[in-house]
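Topology and contacts: notes
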Amino acid sequence: MRVTAGRQYRFEPNLLDLIHPCADSLRSGDVVTVVRLHGAPPPNTMGQCHVNGPDGRLAGMVSCNSLTPLGAK
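A brief look at the structure comes next. (Residues numbered from 1 in each chain as written. Predicted model: local features only at pLDDT ≥ 70, side-chain atom pairs only at ≥ 80, totals over all residues. Heavy atoms only, no water.)

**Description of the overall build of the protein chain**
To keep things clear, this is the line we draw: What counts as a helix is a DSSP run of H or I of at least four residues, what counts as a strand is a run of E of at least two, and both are numbered from the N terminus. Between the two quantities, the radius of gyration covers C-alpha atoms and the globule rule is 2.2 Å times the number of residues to the power 0.38. The rule is simple: take the accessible area with a 1.4 Å probe, protein chains only, and divide by the maximum for that residue type; under 20% is buried, over 50% is exposed, in between is partly exposed.
Looking only at helices and strands, the protein chain features one helix and five strands. Expected size for 73 residues packed as a compact globule is a radius of gyration near 11 Å; at 11 Å, the protein chain falls within 12% of this value. Each principal axis of the C-alpha atoms in the protein chain carries an extent, and together these give about 30 × 25 × 25 Å. Relative to its 73 residues, the protein chain shows a buried fraction of 34%.

Following this line, the structure appears as structure tokens:
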């Protein structure tokens with residue numbers, strides 16, 4: 001799945017994010033926002049992206065396959 005910077009998604013961790021969590025503060029079901037960081041690879045590079053957590057602060061890097069668009073079932 002491809003994600004877009006600035007959009008919100010529901011975080012449902014896949015196996016990679018469960019085994020090696022790079023965003024420890026996130027829990028299943030959290031609403032996150034994909035961000036593009038200066039000097040970092042853009043979202044979707046190697047299936048990963050940086051996200052801000054529900055509190056609006058940088059949560060870390062997650063797999064794009066762990067993100068579900070809001071409103072999708």
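Next comes the rest of the account.
**Regarding the environment of P43**
Under the convention used in this document: Whether two residues are in contact is decided by their heavy atoms: any pair within 4.5 Å suffices.
Relative to the helices and strands, P43 resides in the loop between β2 (31-35) and β3 (48-52). For P43, a relative accessible area of 15% corresponds to the buried category. Separated by 13 residues in the primary sequence, P43 and G56 place their C-alpha atoms 18 Å from one another. Sequence-distant contacts of P43, that is, excluding residues within four places in its chain, are made with V3, A5, V34, V35, R36, Q48 and C49.

**A look at a nonpolar patch on the surface**
Counted only if it meets this: Here, patches come from residues exposed beyond 30% relative accessible area and free of salt bridges, joined within 9 Å for like charges and within 5 Å for nonpolar side chains (Val, Leu, Ile, Met, Phe, Trp, Tyr). Residue-level accessible areas treat just the shown protein chains as cover; the underlying method is Shrake-Rupley with a 1.4 Å probe. A pairing counts as a salt bridge when a side-chain nitrogen of Lys or Arg comes within 4 Å of a carboxyl oxygen of Asp or Glu.
Among the surface-exposed residues, L15, L18 and I19 lie close enough to one another that they form a single nonpolar patch of about 360 Å² accessible area. Assignment of secondary structure puts I19 in helix α1 (residues 15-19). Given a relative accessible area of 62%, I19 falls into the exposed group.

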